[in-house]
Amino acid sequence: MKIAVLGAGAMGSLFSGYLSKNNEVSVIDVSHAAVDAIKKHGVRIKEKDGSVTLRNPHALLKSEGLEEQDLVIVFVKSMFTISALEGNKNLIGPDTYLMTLQNGAGHESKLLKFTDRKHVIIGSTQHNSSVIEPGFVNHGGSGVTSIGLLDGGSKAIEFIAENFTSCGFECRTEDNVRRQVWNKMFTNTAASSLTALFQVPLGFIHTDANANFLMKQLCREAVEVANSLGLGFDLEEVVKDVDTVCANAPGGYTSIYADIRDGKKSEVDTISGSVVETAHDRKIEVPYHEFVVNAIHALENKNKENRECRAFTN
């Protein structure tokens, strides 16, 4: 398959690297550092056992000259989705599938601006990745990747799931993929958000009693919101699953952790914020989520003020 990955950050590097095993993969990013590093060294992936996997996707700053792709995977931050697709429209033909495995919910509305419903794939993945340096990522956790079409009938994309699996990503199709998206969001909103607040790896959320308590409260709120949409989650199972993800990735660092560490704007509004927005629509109280969203925005503002102060004093 001809596959283009938009974004050479933690997850974009991971997926473009692994998928290049059996596909013609191009990874496109505006970062000169990331593109230059991949051109020079390939994508380097540090595995949980300490070994390093090396893959060689094509790295590009612009997609000009590339032909229409079989699959375009969006791995930029959610606030850049539309601009990334707009800038790479030449990759999208009438038979091109657009896929989002981005954190949070609601991304399909942006993809639908560029193709029809039969070619929009949404999904979730249990793989976890963080940037060590441009082109070099830490593969902190793994698991199943679930994908599906918006209106079901996802057998039509079984060939994509099989392709992913052949490259090292266990992948399956789901007709009710929205449930899988929420299942992934439980980990992001109940655990990843706390790694950002406390600046810790996922394992801390499992081992620290106070952090674990907060995780369970966030799970409780998120499950109540999800079940108000008719998704039918069991709270105890969700808590167990989130805790297991944390336990299995003791050194796993999340993208939202890295955003706060590096003084960048995070995607909290499309993760925890989407839970808050849906909760308000359903008249459900979610005080823990509201605190998380406000706290992370406060950290972003603090980082911004610190940068401005340093720039002034220099």
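- The protein chain goes by 2-dehydropantoate 2-reductase in an unreviewed UniProt entry, where it is assigned to Treponema parvum.
- Database annotation for the protein chain, UniProt heading Pathway (unreviewed entry): "Cofactor biosynthesis; (R)-pantothenate biosynthesis; (R)-pantoate from 3-methyl-2-oxobutanoate: step 2/2."
- Checking UniProt for the protein chain, the heading Catalytic activity (unreviewed entry) contains the comment "(R)-pantoate + NADP(+) = 2-dehydropantoate + NADPH + H(+)".

### Some details on the sheet that holds strand 9 (residues 128-133)
Thinking step 1. The strand order across the open sheet formed by 4 strands is 4-3-10-9, and the pairing between neighbours is mixed. The strands lining the two open edges of the sheet, one partner per strand, are strand 4 (52-55) and strand 9. Each strand axis lies, on average, 30° off the axis of its neighbour in the sheet, ignoring direction.
Thinking step 2. Pairing geometry for strand 3 (residues 43-46) and strand 4, over 4 bridges, is antiparallel. Each bridged residue has a counterpart across the sheet, and for Arg-44 the counterpart in strand 4 is Leu-54.

### Remarks on helix 8 (residues 209-228)
Thinking step 1. Taking 1.5 Å of rise per residue, 20 residues should cover 28 Å, and helix 8 covers 29 Å from first to last C-alpha, within 8% of that figure.
Thinking step 2. Among the residues of helix 8, Ala-211, Asn-212, Met-215, Gln-217, Leu-218, Cys-219, Glu-221, Ala-222, Val-223, Val-225 and Ala-226 are the ones counted as buried.
Thinking step 3. Of the residues that open helix 8, the one with a side-chain oxygen 3.1 Å from the backbone nitrogen of Asn-210 is Asp-208.
Thinking step 4. Taken from the residues just after helix 8, Gly-230 is the one with a positive phi, measuring 85°.

### Description of the side chain of Ser-78
Thinking step 1. Inspection of the secondary structure assignment puts Ser-78 in the loop between strand 6 (71-74) and helix 3 (81-86).
Thinking step 2. What makes Ser-78 buried here is its relative accessible area of 5%.
Thinking step 3. Side-chain polar atoms of Ser-78 contact the side chain of Thr-270, separated by 3.3 Å.
Thinking step 4. Ser-78 has contacts with Gln-102, His-107, Lys-110, Glu-267 and Thr-270, leaving out every residue within four places of it along the chain.

### Describing the environment of Cys-167
Thinking step 1. Relative to the helices and strands, Cys-167 resides in the loop between helix 5 (158-166) and strand 12 (171-173).
Thinking step 2. Separated by 152 residues in sequence, Cys-167 and Phe-15 place their C-alpha atoms 9.5 Å apart.
Thinking step 3. In contact with Cys-167, not counting residues within four places along its chain, are Tyr-18, Leu-19, Lys-21, Asn-22 and Asn-23.

### Focus: the nonpolar core
Thinking step 1. Counting residues in each nonpolar core, the largest one holds 39 residues, and the members touching the most others are Trp-182, Phe-186, Ile-205, Phe-233 and Ile-296.
Thinking step 2. For this core, the secondary structure elements donating two or more residues are helix 6 (177-198), helix 7 (202-207), helix 8, helix 9 (235-248), helix 10 (255-261), helix 11 (272-281) and helix 12 (287-313).
Thinking step 3. Core analysis: the next-biggest nonpolar cluster, separate from the first, contains 33 residues, Val-5, Tyr-97, Ala-161 and Phe-164 among them.

### Structural notes on the environment of Thr-145
Thinking step 1. Among the secondary structure elements, Thr-145 is positioned in strand 11 (residues 145-149).
Thinking step 2. Apart from residues no more than four positions distant in its own chain, Thr-145 is found in contact with Phe-15, Leu-101, Ser-124, Thr-125, His-127, Glu-170, Cys-171 and Arg-172.
Thinking step 3. There is a polar contact of 2.8 Å between the side chain of Thr-145 and the side chain of Thr-125.

### Details of the pairing of strand 8 (residues 120-125)
Thinking step 1. With 6 of 6 residues buried, strand 8 lies mostly within the body of the structure.
Thinking step 2. Both faces of strand 8 are covered, namely the face carrying Val-120, Ile-122 and Ser-124 and the face carrying Ile-121, Gly-123 and Thr-125.

### Considerations on the side chain of Ser-146
Thinking step 1. Within the secondary structure, Ser-146 is located in strand 11.
Thinking step 2. On the accessibility criterion, Ser-146 (2% relative accessible area) is buried.
Thinking step 3. At a separation of 3.5 Å, a polar atom in the side chain of Ser-146 contacts the side chain of Arg-172.
Thinking step 4. Dropping the residues within four chain positions of it, Ser-146 is found in contact with Leu-101, Ile-122, Gly-123, Ser-124, Arg-172, Glu-174, Val-177 and Gln-180.

### Observations concerning the pattern of salt bridges
Thinking step 1. Overall, the coordinates contain 8 salt bridges when judged by the stated rule.
Thinking step 2. Residue Lys-2 is joined to Glu-67 by a salt bridge in which the shortest nitrogen-to-oxygen separation is 3.6 Å. Placement of the pair is Lys-2 in strand 1 (residues 2-6) and Glu-67 in the loop between strand 5 (58-60) and strand 6, with a sequence separation of 65 residues.
Thinking step 3. Residue classification places Glu-67 among the partly exposed positions, given a relative accessible area of 48%.
Thinking step 4. Among the ionic pairs, Glu-108 bridges to Arg-178, the shortest N-O distance being 2.9 Å. Residue Glu-108 is located in helix 4 (residues 108-111), and its partner Arg-178 is located in helix 6; the two are separated by 70 residues in the primary sequence.

### Here's the deal with the packing of aromatic side chains
The description of an aromatic ring pair uses the distance of the two centres, along with the angle that the planes make with each other.
Thinking step 1. Counted by the stated rule, this structure contains 8 aromatic pairs.
Thinking step 2. Members of the aromatic cluster, joined through ring pairs, are Phe-15, Tyr-18, Phe-75, Phe-164 and Phe-169.
Thinking step 3. The positively charged end of Arg-179 is found above the aromatic ring belonging to Phe-233, 4.0 Å away from the centroid.

How each quantity is defined
- Residues numbered from 1 in each chain as written.
- Predicted model: local features only at pLDDT ≥ 70, side-chain atom pairs only at ≥ 80, totals over all residues.
- Heavy atoms only, no water.
- UniProt positions renumbered as here; feature names shortened; annotations may be inferred.
- Pairing = 2+ DSSP bridges.
- Helix = DSSP H or I, 4+ residues; strand = E, 2+ residues; numbered from the N terminus.
- Axes fitted to C-alpha atoms, helices over the stretch in contact; angles between N-to-C directions.
- Expected span 1.5 Å × (residues − 1).
- Buried < 20%, exposed > 50% of the residue type's maximum accessible area, 1.4 Å probe, protein only.
- Polar contact = N/O pair within 3.5 Å; in protein donor to acceptor, adjacent residues only side chain to side chain.
- Contact = heavy atoms within 4.5 Å.
- Core = buried A, V, L, I, M, F, W, Y, C linked by side-chain atoms within 4.5 Å.
- Salt bridge = Lys/Arg side-chain N within 4 Å of Asp/Glu carboxyl O.
- Phe/Tyr/Trp six-rings, centres within 6.5 Å; stacked < 30°, edge-to-face > 60°.
- Lys NZ or Arg CZ within 6 Å of the ring centre and 35° of its normal.

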